Amino acid sequence: MELRDIKPEDELLVFDKPSRKIRERRGKYVARNDSFLTIQFQHYKDTLLLSDLRQGKATIFINNEELVFSVLLSDQ
């Protein structure tokens, strides 16, 4: 699945490694721009840098399928 395929009703599963601890969070897609992806988690919103996602610092799954970040937003 690619970034352009995300819909606001999609539930996202985010795995990231803050301070070398793998953390799992569930949330809903909110918005994106050329640099950021915003996700609404249960008690807060978080903005993830697309550059970090492309570098593999976090991984996002939608319906058990990994989201691909290799496509530039301007190509959509």
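Before reading further, recall that the structure is shown in the block above.
Enquirer: I'm lost on the sheet that holds strand β3 (residues 36–41) in this one. Help?
Expert: Strand pairing in a sheet relies on backbone hydrogen bonds. The paired strands run either parallel or antiparallel. The strand order across the open sheet built from six strands is β4-β3-β2-β1-β5-β6, with neighbouring strands paired in antiparallel fashion. Of all the strands in the sheet, the pair left with one neighbour each is β4 (45–49) and β6 (65–66). Relative to β3, strand β2 (residues 23–32) runs antiparallel, the two being bridged by five bridges. Bridging from a neighbouring strand, Lys28 pairs with Gln40 of β3.

Enquirer: Please clarify how the nonpolar core should be interpreted in this entry.
Expert: What tends to happen in soluble globular proteins is that the nonpolar side chains get buried as a cluster. Formed by 16 residues in total, the largest nonpolar core has its most connected members in Leu37, Ile39, Leu53, Ile60 and Phe69. Counting only elements with at least two residues in this core, the list comes to β1 (11–16), β3, α1 (50–54) and β5 (58–62). In contact with Phe69, not counting residues within four places along its chain, are Leu3, Leu37, Leu50, Leu53, Arg54 and Ile60.

Enquirer: Would you mind going over the pattern of salt bridges with me for this structure?
Expert: For side chains of opposite charge, pairing can occur when their charged atoms come near one another. All told, the structure shown has seven salt bridges when counted by the stated rule. Measuring nitrogen to oxygen at the nearest pair gives 3.6 Å for the salt bridge that ties Arg23 to Asp16. The buried category is assigned to Asp16, whose relative accessible area is 10%. Overlapping salt bridges bring together Asp16, Arg23, Arg25 and Asp46 as one network.

Enquirer: Could you clarify how one ought to interpret the pairing of β2 in this entry?
Expert: On any regular strand, side chains alternate: one points to one face of the sheet, the next to the other face. Bridge count for β1 against β2 is six bridges, and the pairing is antiparallel. Bridging across to β2, Asp16 finds its partner in Arg23. The antiparallel pairing of β2 with β3 creates a hairpin that spans three residues between the two strands.

Enquirer: Help me out: how do you make sense of the environment of Asp52 in this one?
Expert: When you line up the elements, Asp52 lands in helix α1. Overall, the relative accessible area of 27% leaves Asp52 in the partly exposed class. Excluding anything up to four places from it in sequence, Asp52 contacts Lys57 and Ala58.

Conventions and cut-offs
Residues numbered from 1 in each chain as written. Predicted model: local features only at pLDDT ≥ 70, side-chain atom pairs only at ≥ 80, totals over all residues. Heavy atoms only, no water. Pairing = 2+ DSSP bridges. Helix = DSSP H or I, 4+ residues; strand = E, 2+ residues; numbered from the N terminus. Core = buried A, V, L, I, M, F, W, Y, C linked by side-chain atoms within 4.5 Å. Buried < 20%, exposed > 50% of the residue type's maximum accessible area, 1.4 Å probe, protein only. Contact = heavy atoms within 4.5 Å. Salt bridge = Lys/Arg side-chain N within 4 Å of Asp/Glu carboxyl O.

Purely spatial values, then, with no claim about function.
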